[in-house]
Amino acid sequence: MVKKSFISVISHEEKEENRGSVAFQILSLTNRIRKLSSHLELHRKDYLSQRGLRKILGKRQRMLSYLSKNNRIRYKELINQLDIRESKTR
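These numbers come from a predicted model, not from an experiment.

Caption draft 1: Region of interest: the side chain of Ser-68. Relative to the helices and strands, Ser-68 resides in helix α3 (residues 47–70). With relative accessibility at 18%, the residue Ser-68 sits in the buried group. Here the side chain of Ser-68 touches Ser-65 through a polar contact of 2.8 Å, landing on its backbone oxygen.

As structure tokens, this is what we get:
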């Protein structure tokens with residue numbers, strides 16, 4: 001398995017204070033998504049992990065849409081820092 005470096009956009013002091021913040025939750029979900037994606041590259045038929053990945057992706061998408069509605073500037077910064085695509089609006 002290839003170990004990829006995971007992103008730590010938020011400093012250690014902020015982690016202790018803001019674990020419940022939306023930005024921190026999105027960051028931790030993104031790290032879990034990247035870890036599961038690298039796992040699924042090796043184990044393509046691990047359907048339970050695929051299901052878990054889809055659930056985490058949905059949860060992150062809901063949190064990103066919440067953040068985009070409430071704080072558009074922080075949303076744009078977080079999208080750029082995490083290097084993920086912007087969600088499509090319907």
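Caption draft 2: How the structure looks around the pattern of salt bridges. Across all of its chains, the model carries one salt bridge by this definition. With a shortest N-O distance of 3.6 Å, Glu-77 and Arg-74 are connected by a salt bridge. Of this pair, Glu-77 and Arg-74 both sit in helix α4 (residues 72–82), separated by three residues, roughly a single helical turn. Classification of Glu-77 as partly exposed rests on a relative accessible area of 39%.

Conventions and cut-offs
- Residues numbered from 1 in each chain as written.
- Predicted model: local features only at pLDDT ≥ 70, side-chain atom pairs only at ≥ 80, totals over all residues.
- Heavy atoms only, no water.
- Helix = DSSP H or I, 4+ residues; strand = E, 2+ residues; numbered from the N terminus.
- Buried < 20%, exposed > 50% of the residue type's maximum accessible area, 1.4 Å probe, protein only.
- Polar contact = N/O pair within 3.5 Å; in protein donor to acceptor, adjacent residues only side chain to side chain.
- Salt bridge = Lys/Arg side-chain N within 4 Å of Asp/Glu carboxyl O.

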